[in-house]
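# Per-entry structural report
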Amino acid sequence: MKKQLSQNWLISKYWLRFLIIILLVIGVFFRFVNIDKRIYWGDEVFSSLRISGYMQSETREQLSNGRLLTIKDLQKYQYPNPEKNAIDTIKGVILEDSQILPLYILLARFWVELFGNSVAVTRSFSAFISLLTFPCIYWLCRELFESSLIGWIAIGLVAVSPVHVVYAQEARAYSLWIVAILISSLALLRAMRLKTKVSWCIYTATLVLGFYSHIFFTFVALAQGIYVVAIERFRFSKTSIYYLLSSFTGFITFVPWLWIIITNPQPEAVTWANAKQTLFASVARWAGIFSRTFFDLGISPSDPGKLKIALIPFILIILALISYSIYVLCRRTSKEIWLFVLTLIGSVGLPLLLVDFVFQKRYATTRYTLPSVLGIELAVAYLFTTKLTSIYTKILQKKLWSLVAVMVIMGGVISCIVHSQAQIWWNQLPERYQEYPKIANIISQGNKPLLITDDNIMPSIQILGHLVAPKVRFQIVEPNKLPDITNGFSDIFLFKPSDFLQTGIEKIYNSKLQQINDLLWKITKST
C-alpha cells in the first residue's frame with residue numbers, strides 16, 4: 001500500500017501541502033473567531049462553577065437571601081478567586097460532579113487564572129487544546145497506515161470538521177478527550193511495533209491521561225484491549241504481557257476516582273437520557289450524529305420539520321460515503337489496520353447503540369460518540385487518498401472523487417461559517433435556552449432594571465448573568481419567600497416566577513404583571 005500511494009505523492013505533495021495549510025488556517029480561524037458570541041449554556045456554567053472552587057450548595061446559600069446582586073456578585077462563582085484554591089475545585093467535583101473527571105477542570109482553572117476572567121478566555125482553553133488534534137492525528141496515520149499522505153488528508157478533514165469546531169468552542173472536556181484518544185491510540189500502535197519497555201510506559205501514561213479526561217475513555221481502553229487480543233490471536237505473547245501490565249497500571253491509577261464515582265453517584269446529571277424514544281427517532285438521531293462529522297447547519301429538535309426534511313438527502317449522501325469508506329478500508333487494508341479503525345468506531349458507538357435500541361433510552365449524543373467520529377475520519381481519509389492517488393484509479397474516477405472531496409471540504413467550511421455567526425447551536429439545548437438572549441436584551445434595555453426570581457441559580461440565573469448588561473441588578477429569593485423590593489428601579493422583571501411569587505407580588509405590592517413570554521414577566525402598574 002505504501003508503495004502504491006507514494007508514486008503520485010512526489011507529484012502532488014506541493015499542491016496538497018498548500019491546500020492543507022489553507023485548510024489549517026481556516027480551521028484555526030473558526031476555532032477562535034466569535035468564541036464568546038454563543039450563549040454560555042448550562043453545561044458550561046457548571047464547568048465554570050467547578051473552576052471557581054465553589055459548590056452549588058454554597059452558591060445557593062450565599063445568593064438566595066433576597067439581597068441585591070450585581071453581575072460581579074454572580075461571576076464570583078464562575079471564575080477563580082482568592083477565597084478558593086485548586087483543592088476546593090477538586091472537592092467540588094468530588095461532592096457534586098463526580099462523573100466529571102478533574103483533569104480538564106484543573107487545567108482550565110490554571111488557564112483562566114493566567115489569562116483572566118471572561119467567557120472568551122475560558123472557552124479558549126478548549127480551542128487551544130483542540131489544536132493538538134492536528135499533529136496527533138497526523139502521527140497516528142503515519143503509525144497506522146505508514147503514509148504521511150493519509151495523515152495530511154486527515155488533518156484537512158479534521159480542520160474544517162463541524163463537530164471538532166463546535167467542541168473546540170465549548171468550555172467542556174471534549175477537546176481534551178479527543179487528544180487523549182489520539183495520543184493513546186498512537187502510543188499503543190507504537191508500543192506494539194517497537195516492543196520496548198519505554199514505549200509501553202508511554203502508553204501507560206496516555207491511559208492515565210485518558211482515564212482522567214473523560215469517563216467514557218474506559219470504553220476506548222477496552223476496545224484497545226480487544227484489538228491487542230485479536231491481533232495477537234489470543235496468545236500469551238510478549239506484546240500481550242506488556243499490554244496487560246500497562247493497562248493494569250493505568251487502570252489502577254483510575255481506581256481512586258472510580259471509587260469516588262461509586263460512592264458519590266450523581267444520577268440527576270443524566271436524567272435527560274431517561275426519556276424514551278421511538279425506533280424512528282433513534283435512527284434519525286444516529287444519522288444526525290454521524291452526518292455532523294462533515295456537515296452541520298445547526299438544526300436542532302426544536303426546529304421546523306421542513307428544515308429537517310431538507311437535510312435528508314445530504315445526510316444520506318454522507319452516510320453512504322461513511323459506509324463505503326469503511327467497506328474500502330476493510331477490503332484493501334490488512335487486519336492490523338481495519339480492525340483498529342473498527343474497534344475505535346465501535347468503542348463507544350456499540351454500547352450506546354445497544355442502550356438506544358434495546359432499552360429505548362437516548363444516551364447517544366454527538367459528544368459521547370467522538371471516538372466513532374475519529375474512526376470515521378480515518379476511514380474517509382484513507383478512501384480519499386486511495387481514490388485520488390492510486391495508479392489503479394481511472395482518470396474519470398479521480399475527477400469524480402476529487403469532486404466528492406471538494407464537496408466534503410466545502411460542506412465543512414460552510415458549516416463553520418454558519419456556526420461562527422450563530423448565537424446558539426444545537427449542542428446548547430436551543431429548545432430550552434433559545435429565548436435567553438432575547439430575555440437578556442429586553443431586561444438590558446431598561447435604564448435601571450431589576451430582575452427578581454425564585455428559580456434555581458444554576459444554571460438559569462448564571463446563564464442570564466453572562467448575557468445581560470452590567471447595569472442589571474438581581475434579587476434571588478428562596479421558594480415560598482417574597483423579596484423586599486426597594487425603590488429606584490426603572491423596570492422590574494420576574495424571571496420564571498413560581499405561582500407563590502407572582503401572587504405575592506401582585507397582592508402585597510398592589511402590582512399587575514404583564515407576561516412578556518413563557519419565562520419573563522414585568523411589573524407594569526402599582527397603586
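What you see is a predicted model; the values in this text were computed from it and never measured. (Residues numbered from 1 in each chain as written. Predicted model: local features only at pLDDT ≥ 70, side-chain atom pairs only at ≥ 80, totals over all residues. Heavy atoms only, no water.)

The two faces of the sheet receive side chains in turn, since in a regular strand these alternate between them. Counting buried residues in strand β2 (residues 449-453) gives five out of five residues, a clear majority hidden from the surface. Residue alternation in β2 divides its side chains into two sets, Pro449, Leu451 and Thr453 and Leu450 and Ile452, and both sets are buried. In this sheet, strand β4 (residues 491-495) lies alongside β2 in parallel orientation, the contact comprising four bridges. Bridged to Leu451 within β4 is Phe493. (Buried < 20%, exposed > 50% of the residue type's maximum accessible area, 1.4 Å probe, protein only. Helix = DSSP H or I, 4+ residues; strand = E, 2+ residues; numbered from the N terminus. Pairing = 2+ DSSP bridges.)

So, on to the nonpolar core. In terms of nonpolar packing, the biggest core is built from 143 residues, with Phe145, Leu157, Tyr227, Leu378, Phe384 and Phe474 touching the most fellow members. For this core, the leading source of residues is helix α12 (residues 174-194), giving 13 residues. Residues contacting Leu157, with those up to four places away along its chain left out, are Phe294, Glu377, Val380, Ala381, Phe384, Val408 and Ile409. Core analysis: the second largest hydrophobic core is formed by eleven residues, Ile492, Leu494, Leu501 and Trp521 among them. (Core = buried A, V, L, I, M, F, W, Y, C linked by side-chain atoms within 4.5 Å. Contact = heavy atoms within 4.5 Å.)

This part covers the confidence of the model for the chain. Averaged over every residue, the pLDDT of the chain is 91; the share at 70 or more is 95%. The least confident element of the chain is helix α1 (residues 2-6), whose mean pLDDT is 48; the most confident is helix α8 (residues 119-130), at 98. For the stretch residues 3-11, pLDDT sits under 50, and the model shows 18 contacts to residues farther than four places along the chain or on other chains. (pLDDT = per-residue confidence, 0-100.)

A cis geometry characterises the amide bond from Met458 onward to Pro459, with omega recorded as 0°. Of note in the backbone geometry, Phe234 takes a positive phi value of approximately 60° without being a glycine. Mapped onto the fold, Phe234 is located in the loop between α14 (217-231) and α15 (238-263).

Tracing the chain through its elements places Ser175 in helix α12. The contacts of Ser175, once residues within four sequence positions are left out, are Ser126, Ile129, Ser130, Tyr167 and Ala168.

In a regular helix each residue adds 1.5 Å, so 14 residues correspond to 20 Å; helix α7 (residues 102-115) covers 20 Å between its end C-alpha atoms and thus fits that length. Along α7, the positions that sit buried rather than exposed are Pro102, Tyr104, Ile105, Leu106, Ala108, Arg109, Trp111 and Val112. The secondary structure elements touched by the buried residues of α7 are α3 (42-52), α6 (86-96), α8, α12 and α15. (Expected span 1.5 Å × (residues − 1).)

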